[in-house]
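Residue-level structure breakdown
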Amino acid sequence: MKLNRWATTLGALALLAAGSAAAQNIKIGILGPMAFVQGENHWAGAEMARDEINKAGGIQVGASKRQIEIVKVDTNELQSVPDATNAIERAISRDKVDFLIGGFRSEAVLAMQEVAMDNKKLFLGAGAADAKLCDNVTKDYERYKYWFRVTPTKSADLARSLFAVLGSIGAQIRTDLKKEVPKVAILSEKAAWTEALVKAVQDTLPKMKMEVVGTWAPSPLATDVTAELSAIKRANADIVFTIVSGPMGIVLGRQMGELQLSAVAFGINVEAQKDGFWQATAGKGNYVSTLDTFSEVEVTPKTVPFVKAFKERFKKAPTYNAATYDAISILRVAIEQAGSIDADKLVPLIEKMEHVGSAAVATWDKSHDLIWAVGKTSGIAVQWQDGKKVAFWPPQVKGMQPFKMPN
Amino acid sequence: MFQDILVSGLVNGGVYALLAIGFSLIFGVARIVNIAHTAFYMLASYALYGLLVIGGMPLVLAIPLAVVAVVALSLVCYKLVIEPVRQHESAVLIATIALALIFQESLLVSFGGSFLGIPAAVDGFVSVLGVRVSNQRLIILVVVAATLAATWFLLYRTKLGLAIRASANDQEIANLMGMNVNRVAMLTVGISVALAAIAGVVVAPVFVVDPLMWLSPLVTMLAIVVLGGLGSLKGSLIGAFIIGYVEAITVFAVPSGAFLKGAVALSIMVIVLLIRPEGLFGVVFEEER
Amino acid sequence: MKSLLVLPRWVWANLRSEVFVLPSRSLVLAAVLVLLVLPFAYADPYVLRIITMTAIFAIFAASWDLLAGYTGQVNFGHALFFGVGAYTSALLSLHFGMPPWLTIPLAVAASVAAGALVGVICLRLRGSYLSLVTLALPLILTGLLFAFPDFSGGELGVSGLKRVMTGAVGNYYVAVLVMLVSCFAMWKIGDSNTGLIFHAIREDEVACRASGINTQRYKVLAFMLSALFAGIAGALFAHFLRVAGPSSLEVALSFQVVIWGIFGGAATIYGPVAAVFLLYPLTEILASFDLFKEVRLLIFAVIVLLVLLFMPRGLVPWVRDKAERVCPRCKNRNVFTRHQCRLCSAELR
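Residues numbered from 1 in each chain as written. Chains lettered and ligands numbered in written order. Predicted model: local features only at pLDDT ≥ 70, side-chain atom pairs only at ≥ 80, totals over all residues.

Quick notes on the overall build of chain A
Put simply, the rule is: In this text, helices come from DSSP runs of H or I with a minimum length of four residues, and strands from runs of E with a minimum of two, each type numbered from the N-terminal end. Our radius of gyration is a C-alpha quantity, and the globule rule it is checked against amounts to 2.2 Å times the number of residues to the power 0.38. Between the buried cut of 20 or more and the exposed cut of 12 or fewer other C-beta atoms within 10 Å of a residue's own C-beta lies the partly exposed class, and all C-beta atoms are placed from the backbone. Note on contacts: each residue gets a C-beta atom placed from the backbone, and two residues are in contact if those atoms are within 7 Å.
Looking only at helices and strands, chain A features 14 helices and 16 strands. The globule rule puts the C-alpha radius of gyration for 407 residues at 22 Å, and the 23 Å found for chain A is close to it. Overall, chain A is about 95 × 40 × 35 Å in size when its C-alpha atoms are taken along their principal axes. A burial count over chain A gives 57% of its 407 residues as buried. Of all intrachain contacts in chain A linking residues separated by at least 6 positions in sequence, the fraction that spans at least 24 positions is 68%.

Some points on the pairing of strand E7 (residues 147-151) of chain A
Residue and element names in this part refer to chain A. Using the following cut-off: DSSP-based pairing: two strands are paired if at least 2 bridges between them are found.
Summarising burial for E7: five of the five residues are buried, a large majority. Judged from the four bridges that link them, strand E6 (residues 122-126) and E7 form a sheet pairing that is parallel. Opposite Leu124, over in E7, you have Phe148 as the bridge partner.

Re helix H1 (residues 2-30) of chain B
Basically, it comes down to this: Multiplying one less than the number of residues by 1.5 Å gives the expected span of a helix.
With 29 residues, H1 of chain B extends 41 Å from end C-alpha to end C-alpha; this agrees with the ideal 42 Å at 1.5 Å per step. Among the 29 residues of H1 of chain B, 25 are classified as buried, and the element is accordingly described as predominantly covered.

Observations concerning the domain arrangement of chain A
Residue and element names in this part refer to chain A. Here is the rule: Residue ranges assigned to the domains are those given by an automatic or database domain assignment. Under the convention adopted here, Pro, Cys and the residues Ala, Val, Leu, Ile, Met, Phe, Trp and Tyr are nonpolar, Asp, Glu, Lys and Arg are charged, and Gly plus all remaining residues are polar.
In terms of domains, chain A is made up of domain 1 (2-152 + 299-362) and domain 2 (156-292 + 379-393). Between domain 1 and domain 2, the contact holds 10 residues from the first and seven residues from the second. Considering only residue class, the side of domain 1 that touches domain 2 consists of six nonpolar, two polar and two charged.

Here we look at the interface of chain C and chain B
Contacts between the two partners involve 32 residues from chain C and, on the opposite side, 33 residues from chain B. Among the secondary structure elements, those contributing two or more residues to the side of chain C that touches chain B are helix H6 (127-147), helix H12 (251-264) and helix H15 (296-310) of chain C. In terms of residue class, the side of chain C that touches chain B is built from 28 nonpolar, two polar and two charged.

A closer look at the environment of Gln260 of chain A
Residue and element names in this part refer to chain A. With respect to the helices and strands, the residue Gln260 is situated in the loop between helix H10 (248-258) and strand E11 (264-269). You can call Gln260 partly exposed: it has 14 C-beta atoms within 10 Å. Remark: the alpha-carbon pair of Gln260 and Ala116, spanning 144 residues in sequence, is separated by 49 Å.

Quick look at the nonpolar core
In plain terms, the rule: For this analysis, nonpolar core means a set of buried Ala, Val, Leu, Ile, Met, Phe, Trp, Tyr and Cys residues linked through C-beta atoms within 7 Å.
Formed by 361 residues in total, the largest nonpolar core has its most connected members in Ala44, Leu48 and Ala197 of chain B together with Ile59 of chain C. Considering each element in turn, this core owes the most residues, 19 residues, to helix H3 (residues 45-71) of chain C. When sequence neighbours within four positions are dropped, the list of residues in contact with Ala44 of chain B reads Ala66, Val67, Val70, Ala196, Ala197, Gly200 and Val201 of chain B.

Looking at the interface of chain A and chain C
Facing the 23 residues of chain A at the interface are 25 residues of chain C. At the level of secondary structure, the elements contributing two or more residues to the side of chain A that touches chain C comprise helix H3 (81-93), helix H4 (106-118), helix H5 (132-139) and helix H8 (192-207) of chain A. Ranked by residue count, the leading element in the side of chain A that touches chain C is H3 of chain A, at seven residues. Taken together, the residues that form the side of chain A that touches chain C break down as seven nonpolar, six polar and 10 charged.

Notes on the packing of helix H3 (residues 59-82) of chain B against helix H4 (residues 89-111) of chain B
Residues and elements named next belong to chain B. Going by this rule: To obtain each axis, a line is fitted to C-alpha atoms, and for helices this fit is confined to the stretch in contact; angles are then taken between N-to-C directions over 0 to 180 degrees. Under this scheme an angle from 65 to 115 degrees is roughly perpendicular, one under 35 degrees roughly parallel, and one over 145 degrees roughly antiparallel; angles in between are oblique. Helix crossings get a hand from a simple test, with the near helix turned counterclockwise from the far one by less than a right angle marking a left-handed crossing and a clockwise turn marking a right-handed one.
It is the contact of H3 with H4, at a shortest axis distance of 11 Å, that shows an interaxial angle of 135 degrees. Comparing the axis directions of H3 and H4 gives the class oblique. You can see that H3 and H4 cross each other, and the crossing is right-handed. Across the interface between the two elements, Cys77, Val81 and Ile82 of H3 pack against Val92, Ala95 and Leu99 of H4. Looking at the contact of H3 with H4, its residues break down into six nonpolar, no polar and no charged.

Re the environment of Cys122 of chain C
All names here are of chain C. Within the fold, Cys122 resides in the loop between helix H5 (100-121) and H6. A count of 23 C-beta atoms within 10 Å places Cys122 in the buried class. Once the C-alpha coordinates of Cys122 and Ala107 are considered, the two residues, 15 residues apart in sequence, prove to be 22 Å apart. Among all residues touching Cys122, those that are not within four sequence positions of it are Gln73, Leu130, Val133 and Thr134.

Brief notes about the sheet that holds strand E12 (residues 289-292) of chain A
Residues and elements named next belong to chain A. With antiparallel pairing, three strands are arranged side by side in an open sheet as E12-E15-E16. Every other strand in the sheet has two partners, leaving E12 and strand E16 (388-393) as the edge strands with one partner each. Neighbour to neighbour, the strand axes of the sheet diverge by 35 degrees on average, direction disregarded. Across five bridges, the pairing between strand E15 (residues 380-385) and E16 is antiparallel. Bridging from a neighbouring strand, Gln383 pairs with Val390 of E16.

Quick look at the sheet that holds strand E1 (residues 26-32) of chain A
Residues and elements named next belong to chain A. On the basis of which strands lie adjacent, the open sheet formed by five strands has the order E4-E1-E5-E6-E7 and parallel pairing. Each end of this open sheet is capped by a strand with a single partner; those strands are strand E4 (68-74) and E7. Taking each pair of neighbouring strands and ignoring which way they run, the sheet shows an average axis angle of 25 degrees. With seven bridges connecting them, E1 and E4 associate as parallel partners. Directly across from Leu31, in E4, lies its bridge partner Val73. Set on the sheet, helix H2 (residues 37-55) makes contact with E1, E4, strand E5 (99-102) and E6; between it and E4 the angle comes to about 170 degrees.

What about unusual backbone geometry?
All names here are of chain A. In this model, Thr151 is joined to Pro152 through a cis peptide bond whose omega is -10 degrees. Residue Pro394 is bonded to the preceding Trp393 through a cis peptide linkage, with omega at 0 degrees. Tracing the sequence through the fold places Pro394 in the segment after E16. Within the chain, Lys96 stands out as a residue other than glycine whose phi angle is a positive 55 degrees.

Looking at H15 of chain C
Here H15 of chain C is 15 residues long and its end C-alpha atoms lie 22 Å apart, about the 21 Å a rise of 1.5 Å per residue gives. Of all the positions in H15 of chain C, only Arg296, Leu297, Phe300, Ala301, Val304, Leu305, Val307 and Leu308 of chain C are classed as buried.

Focus on the confidence of the model for chain A
Residues and elements named next belong to chain A. Cut-off, in case you're wondering: Across the chain, each position has a pLDDT score giving the predictor's confidence in that residue, from 0 to 100.
When pLDDT is averaged across chain A, the result is 86; 94% of the residues are at 70 or more. The secondary structure element of chain A with the lowest average pLDDT is helix H1 (residues 2-23), at 52, and the one with the highest is E5, at 94. Scored below 50 in pLDDT, residues 18-22 shows zero contacts in the model against residues more than four places distant or in partner chains.

So, in structure tokens, the structure goes:
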């Protein structure tokens, strides 16, 4: 009888221990449109982080080490905003995640942010650039303080990176083409995030001794920009300043190549950041250049190892969404410092943190947005040269190659 | 600027014409509003991608094969899905929407959501009136002209064409006259989808291929057929070029309003319809009791 | 003392003679009761969120049916009224700081105005032409909204809206109660003289006009009523999600409501409501299984296609026809197990 009772008690204790060991996993919800490139990268970056951390034993939370478990949350945000809010609600109530990372489409992330803040969960953004997300933090700190943006920098700061790169391209044009005042045609997709950028470009370029010959604003989904390119050629532009995030970026690169325009495309072209760009332009997208985040150059000591390992594991290069890797690392540092996973304790720690990630050296301002600095959070600039994406800016980073003009 | 508008409108109008005529044909004869019309166009593009890029087939083989495959699929769909519910107009609408969604999702699952590029048949460009036009676009124009000529020949110089036009005019009497109306409808479906598929294979190298590419041509095409008059082939042709030119003018006259070209085209359609409800060349059908 | 029993007695008498005699009505009563007590049994915020969204979309689908099912004006751009409701509510909230109980009625008023406008535009159009023009209208509005991004928020829309009530349960009850009242109102309209005229317009407008009915007025009225309820749905949607963006005007949403309407059964009101309650949670449940996640929309489309093939009048009428029979003499419905009509004692075959 006594043996039986001992056995049951021990058995129960063992089960309890096993149960609580499993329950001790830190659950992180990775949010993104998983059927598309952005979500795939969100997940891939997170997988790399999880495997690395768990292999090292997990995260030190106070006295014990806890493993992390990442939960795939398909928001389908590109096709439906209510789907995204349903998905995040499911992740919080059903899957009981402790932290949320990811997001891409700004309209959807704004809605998801509300749900996350309702539940006081830390939400690290890894894709949406809209300023409103961080303006909310300033407007109502107590409610929105659980939001931090990990990537990209906000739209206005993208402008600063753009001008920095444009300066060096402009200098190259002045020496190569012997033109004192390069002509710039602005080709921006019609979207809320580009408005402020376009204005900033129109105001700043004359000060940089460049002439703006016109501004064209096709739809982000436009399948044909020959009309715009014809007009741009007619205006004798040297640089086509692109502010594009949709598939129009592919059409633009391809048609510029097909029509052998002598102008070079630079700016933001999100499609051109992807590996599939060369195939999508059927090999015609040569010389297209854009701001980017990841390349095999030493932005930080962690960049090259991360990009190499990512390429080896997933057989393709990471896009900026893979900075979920950095986001998890930020959480780890904060948790280990605080000794707990309580969001209220982690918020002040992240606010003061300087985090050396693979994408950037990140620090945050009062609105929980990234602070811009060249070589730290400015990103890099890449150009497609004969089928390869080559990094050419900032020049002081190791691994940069020269920028090429179309002949 | 005029040359740009002239050439740009011509090329885009030609592409729209191919799509619009196919859609108009099927509505005129079978009274089916085929929402999946541009979805077949998308399928043809993907079929070409699969055969050409993945399969490595030569272009001369890949193009006809892609077109034939898509037409065959459409006939199967028609037989299985559309024909049983032909009596209920709204059911047909839903059925075609559902089909289009099925195609979209199947392509999304098999090829993924990213954008694909198909190499052009002939590289390079030509300068027309000082405007650079890529060779592929000239090919499109040639194909459009040839296809339209062939369609005209079929409809106005062959017995089958006579049957098709008769069925479009008055199905009951055509049936009484001994024409197999069901067979005629099926053949019309085949011809109509063939037109869409041809559009898909010539246009795919010029545009970007992705599983959602059927949505925006759908809206433009609907605007065109409605503007020209549902069921009128002449109307669709003229409507296509009108819309093509309206879009070109919008882009050139208002560069920072280029994104509005869709909305402008649709507004014109709405205004024309208010003035002349059956479209420019449409025939008002008697209410079928 | 006796007079206190009058009301419960009357309720019980009606229940016994009107509701419990037919399986469909009993089912509706049961469903309503379940909806009302759900939060007490199962307060999971996720489930409540899904049902709240379902209720909002149910109002939307029923409003489409009132227009397209009853009068035959098949509206392919119903998202226009939804979007007008959502955006008006959101913009009033943002620019004037009005509370939800004020913005929602004003949004409904704007929606009704839009309905009147569209109704007048569509008076000259028939059949497929009407469908295609209505398809274009939300797209034109979207273009206009993009043209004035400072006012409308561009493609990000308006965000940071206030909830109608705090807490998932409060919002749930708001949505469910509004849905019950709206759908009952719509059903009553369908059942009334006006509804009869709507049916007549769909069947044969010329004969209707020949009978002396001003069909134009009724067609515009149909648009206005439909827009009213769609506007309610849109405004509730905006306040629940706290965001009103171009996604409330998109083509996919218009198509979705057409599918719900036809799938559920046109010209019934309860058909589309049932369709939404079946299909929307189903697509959500499928989303939580890894196996089905990718092919969710595919399965949805296939189901719709199958229902269309085998139940062309819609799911609910098909089920009803299986479970109930119409008396040949007095035309009232009876349970299929009966041999004699419950009202006129005629033989039921």
